[in-house]
Amino acid sequence: MNKDQKYKDVTEQIMAVTAGEDNKIACMATICCLLSEALDDFFWTGFYLVDEDKADELVIGPYQGSLGCLRIAYGRGVCGTAAATGQTQLVDNVHDFPGHIACDSRSVSEIVVPIFDRAQKLIAVLDVDSERPVNFDEIDRYYLEQITRDVFARCTLASD
Ligand code: SME
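Presented here is a report on the structure given in the accompanying data block. (Residues numbered from 1 in each chain as written. Predicted model: local features only at pLDDT ≥ 70, side-chain atom pairs only at ≥ 80, totals over all residues. Heavy atoms only, no water.)

Some points on the pattern of salt bridges
Side chains bearing opposite charge may pair, as long as their charged atoms lie close to each other. Test applied: A carboxyl oxygen of Asp or Glu within 4 Å of a side-chain nitrogen of Lys or Arg is what we treat as a salt bridge. Only runs of H or I of at least four residues qualify as helices and only runs of E of at least two qualify as strands under DSSP, and these elements are numbered from the N terminus. Think of it in three bands: with a 1.4 Å probe and only protein chains considered, a residue is buried below 20% of the maximum accessible area for its type, exposed above 50%, and partly exposed in between.
Taken as a whole and judged by the stated rule, the model has 11 salt bridges. A salt bridge links Asp140 to Lys3; the shortest N-O distance between them is 2.5 Å. With Asp140 in helix H4 (residues 138-153) and Lys3 in helix H1 (residues 3-18), the pair connects residues that are 137 residues apart, well separated along the chain. For Asp140, a relative accessible area of 1% gives the class buried. Lys3 gets classed as partly exposed once you look at its relative accessible area, which sits at 23%.

In structure tokens form, the structure reads like this:
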């Protein structure tokens, strides 16, 4: 099965399993589990949440994989850049990314997708890392942006 078909299937599964669930953590944990089981070479799959108590800092959320850093400041590394710019970051080789945070030296390529609530406020980022260089492309961007947009648009607002 090609990657596009795997994403189509897992998207359907994620939407079915999370249907009617508006708790962000429950949705995030489910997404991490299903994505990392469905896609190849997802070495680390997880969420960093906007910390409501600390300005401009992300804090670790649900994930699958080896130990992740607990906190990341906005602007630092790939996750911090996605949070600061509000733009998806697609990195073929993290060793070429200035300020990359090496939580696990086995990670080589990664994609980080910012996630917004219904009021367009940043609530988290989805970070997927691979041991393979250039593991992520526009197909990953398309589906990961679509999955997170569709699931979290119906989840609670950051201010709820
Ligand atoms: N790679 C990330 C840090 C988080 S971990 O890899 C789990 C980054 O540079 O933002």
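Comments concerning the site of the ligand
Note the cut-off: Throughout, near means a residue has at least one heavy atom within 4 Å of the molecule or strand. Within 3.5 Å is the distance limit for a polar contact, defined as a pair of N or O atoms, with the added protein rule that one can donate a hydrogen and the other accept it, and that residues adjacent in sequence qualify only through two side-chain atoms. For every accessible area listed, the method is Shrake-Rupley and the probe measures 1.4 Å; residues are considered covered only by the protein chains on display. Every definition here rests on a 1 Å grid over the protein atoms only: cavities are sets of points where a 1.4 Å probe fits but cannot get out, pockets are open sets enclosed by protein on both sides within 12 Å along at least five of seven lines, and lining residues have some atom within 4 Å of a point. Assignment of a molecule to a cavity or pocket requires that more than half of its atoms lie within 2 Å of the corresponding grid points. Under the scheme applied here, ten amino acids are nonpolar (Ala, Val, Leu, Ile, Met, Phe, Trp, Tyr, Cys and Pro), four are charged (Asp, Glu, Lys and Arg), and all others, including Gly, are polar.
The local shell around the ligand consists of Trp44, Tyr48, Ile72, Gly77, Val78, Cys79, His100, Ile101, Cys103, Glu110, Asp127 and Asp129. Between the ligand and Val78, the relevant distance is 3.0 Å, taken from an oxygen atom to a main-chain nitrogen or oxygen of the residue. A distance of 2.7 Å is found between an oxygen atom of the ligand and a backbone nitrogen or oxygen belonging to Cys79. Out of a free accessible area of 300 Å², the ligand has 99% covered by protein chains. Applying the majority rule of atoms within 2 Å of the grid points places the ligand in the largest cavity. Counting only elements with at least two residues in the shell around the ligand, the list comes to strand E1 (44-50), helix H3 (77-85) and strand E6 (122-130). The element contributing the most residues to the shell around the ligand is H3, with 3 residues. Broken down by class, the residue content of the shell around the ligand amounts to 7 nonpolar, 2 polar and 3 charged.

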